[in-house]
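In case you want the letters, here they are:
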Amino acid sequence: AHGVREALERTMLFYSFFKTLIGKEVVVELKNDLAIRGELHSVDQYLNVKLLNISVVDPERFPHMASVKHCFVRGSVIRYVQLPKADVDTELLQDAARREAQQQRAK
């Protein structure tokens, strides 16, 4: 149960962080190598995301996606999320990482 709580806290850290990026353009790379660029519309506690006004990074490889304008992506199939550097609050992330490290040492 102890590891479950830590995993949940880590997920909530990412969830809170991604919520700050709503309305920003991101690129979501899936485990099947499909990369989708779009506006982050919403994210939930499972890190599922909804993207608006999407375009596929490699449209020749994924022609079936050409007509798709909006999509929902299940969090478990996401490999990476590329973020706009200007929109990332690195101090906030570093503080959160430090707090997590201090909690780990305290155990």
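On a predicted model such as this, the values are computed, not experimentally measured, just so you know. (Residues numbered from 1 in each chain as written. Predicted model: local features only at pLDDT ≥ 70, side-chain atom pairs only at ≥ 80, totals over all residues. Heavy atoms only, no water.)

Draft legend 1. Expanded view of the environment of Pro59. Inspection of the secondary structure assignment puts Pro59 in the loop between strand E3 (49–56) and strand E4 (71–73). When the C-alpha atoms of Pro59 and Val28 are compared, they prove to be 14 Å apart, with 31 residues separating the residues in sequence. (Helix = DSSP H or I, 4+ residues; strand = E, 2+ residues; numbered from the N terminus.)

Draft legend 2. Molecular detail of the layout of surface pockets. Its boundaries defined by the atoms lining it, the largest pocket holds a volume of some 250 Å³. Taken together, Glu9, Arg10, Leu13, Ser16, Phe17, Thr20, Leu92, Leu93, Ala96, Arg99, Glu100 and Gln103 make up the lining of the largest pocket. Mapped by element, the contributors of at least two residues to the lining of the largest pocket are helix H1 (2–19) and helix H2 (90–106). If you tally residues by element for the lining of the largest pocket, the top one is H2, at six residues. (1 Å grid on protein atoms, 1.4 Å probe; cavity = no way out; pocket = protein on both sides within 12 Å on 5 of 7 lines; lining within 4 Å. Points joined across faces, edges and corners; volume = space filled by probe spheres on them.)

Draft legend 3. Geometry of the pairing of E3. Here strand E2 (residues 35–43) pairs with E3 via six bridges, running antiparallel. Bridging from a neighbouring strand, Glu39 pairs with Leu52 of E3. What sits between the antiparallel neighbours E2 and E3 is a turn of five residues, in which Leu47 has the positive phi angle 65°. Here E3 runs beside E4; their pairing, made up of three bridges, is antiparallel. In the strand pairing of E4, Lys50 is matched with Phe72. (Pairing = 2+ DSSP bridges.)

Draft legend 4. Expanded view of the environment of Ala96. Counting through the fold element by element, Ala96 comes out in helix H2. With a relative accessible area of 9%, Ala96 lands in the buried category. It is 13 Å that separates the C-alpha atoms of Ala96 and Tyr15, two residues lying 81 residues apart in sequence. (Buried < 20%, exposed > 50% of the residue type's maximum accessible area, 1.4 Å probe, protein only.)

Draft legend 5. Expanded view of the nonpolar core. With 20 residues, the main nonpolar core has Val28, Ile36, Val49 and Leu51 as its most contacted residues. Looking at this core, the elements with two or more residues in it are H1, strand E1 (25–30), E2, E3 and E4. Top element by residues in this core is E3. It accounts for four residues. Excluding residues that lie within four positions of it along the chain, Leu51 makes contacts with Val26, Val28, Ile36, Gly38, Glu39, Leu40, His70 and Cys71. (Core = buried A, V, L, I, M, F, W, Y, C linked by side-chain atoms within 4.5 Å. Contact = heavy atoms within 4.5 Å.)

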